[in-house]
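Notes for the structure review
Read off the chains here:
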Amino acid sequence: MTHIDQYVLGLAVSSTPCFGYHEVGNPTCGDCPVAASCVTSWRTRAATVAAQLVKTERASRRAAAAPTPAAPAPAPTLPDALSNASGESIDDILDSIRKGTVGPTAPAPVPVQDATDA
């Protein structure tokens, strides 16, 4: 293997737009003076991409194997048998409270007489 000066290699790489994309059997690659460096560059990039894929795959597997948090327990429900003295179920009573239609009805307001009316 021939040692290539780094400066000369840099010049060749800067003038070779295909550097790092070596293709076995391509006649252009076979005649290229920096083909060995090109292959090394391609392998380095391929190894980097492979390492990133392995890292991503491992993270995906860890996430898939991790236990999922338990769903919150459903809110307790009151039995339908609960009712008030008038026979309304607890659900009817709660609906009345939400609608504001529960509780004693207030007597109708009594008009106040003005002292001048008397």
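These remarks concern the structure in this document.

Parameters and conventions
Residues numbered from 1 in each chain as written. Predicted model: local features only at pLDDT ≥ 70, side-chain atom pairs only at ≥ 80, totals over all residues. Heavy atoms only, no water. Helix = DSSP H or I, 4+ residues; strand = E, 2+ residues; numbered from the N terminus. Buried < 20%, exposed > 50% of the residue type's maximum accessible area, 1.4 Å probe, protein only. Contact = heavy atoms within 4.5 Å. Phe/Tyr/Trp six-rings, centres within 6.5 Å; stacked < 30°, edge-to-face > 60°. Lys NZ or Arg CZ within 6 Å of the ring centre and 35° of its normal. Salt bridge = Lys/Arg side-chain N within 4 Å of Asp/Glu carboxyl O. Polar contact = N/O pair within 3.5 Å; in protein donor to acceptor, adjacent residues only side chain to side chain. Expected span 1.5 Å × (residues − 1). Disulfide = S-S within 2.5 Å. Core = buried A, V, L, I, M, F, W, Y, C linked by side-chain atoms within 4.5 Å.

On to the overall build of the chain, then. In terms of helices and strands, the chain carries 4 helices and 0 strands. Listing the helices and strands of the chain from first to last along the sequence gives α-α-α-α. A buried classification covers 11% of the 118 residues belonging to the chain. Contacts in the chain between residues far apart in sequence, at least 24 positions, make up 18% of those at least 6 positions apart.

Taken as a whole and judged by the stated rule, the model has 0 aromatic pairs. Of note, arginine 45 hangs over the ring of tyrosine 21, and the distance from its end group to the ring centre comes to 4.5 Å.

Bringing the pattern of salt bridges into the picture now. Any two side chains of opposite charge can pair if their charged atoms end up close together. Tallied over the entire structure, the rule returns 1 salt bridge. A salt bridge links arginine 61 to glutamate 57; the shortest N-O distance between them is 3.0 Å. Note that arginine 61 and glutamate 57 are positioned in helix α3 (residues 35-65) at a spacing of 4 residues, about one turn of the helix. Exposure remark for arginine 61: the relative accessible area of 58% places this residue in the exposed category. In this structure glutamate 57 comes out as partly exposed when scored by relative accessible area, which is 39%.

This next bit is on the side chain of threonine 16. Relative to the assigned elements, threonine 16 resides in the loop between α1 (6-14) and α2 (27-31). Judged by relative accessible area, threonine 16 falls into the buried class, the value being 19%. Only 2.5 Å separates the side chain of threonine 16 from the backbone oxygen of alanine 12, close enough to count as a polar contact.

Take α3 next. With 31 residues, α3 extends 44 Å from end C-alpha to end C-alpha; this agrees with the ideal 45 Å at 1.5 Å per step. Turning to α3, its buried residues number three or more, namely Ala35, Cys38 and Val39. In this structure, the buried residues of α3 make contact with α2.

All chains considered together, the criterion is met by 0 disulfides. Between cysteine 29, a free cysteine, and cysteine 18, which holds the nearest cysteine sulfur, the sulfur-to-sulfur gap is 5.9 Å. Relative accessible area serves as the criterion here: at 11%, cysteine 29 is assigned to the buried category. Summary of cysteine pairing: cysteine 38 is not part of a disulfide, and the nearest cysteine sulfur, belonging to cysteine 29, is at 6.0 Å. You can call cysteine 38 buried: its relative accessible area is 6%.

It is worth spelling out the nonpolar core at this point. Listed in full, the 5 residues of the largest apolar core are Leu9, Ala12, Phe19, Val34 and Cys38. Residues in contact with cysteine 38, not counting those within four places in the same chain, are Cys18, Phe19, Gly20, Tyr21 and His22.

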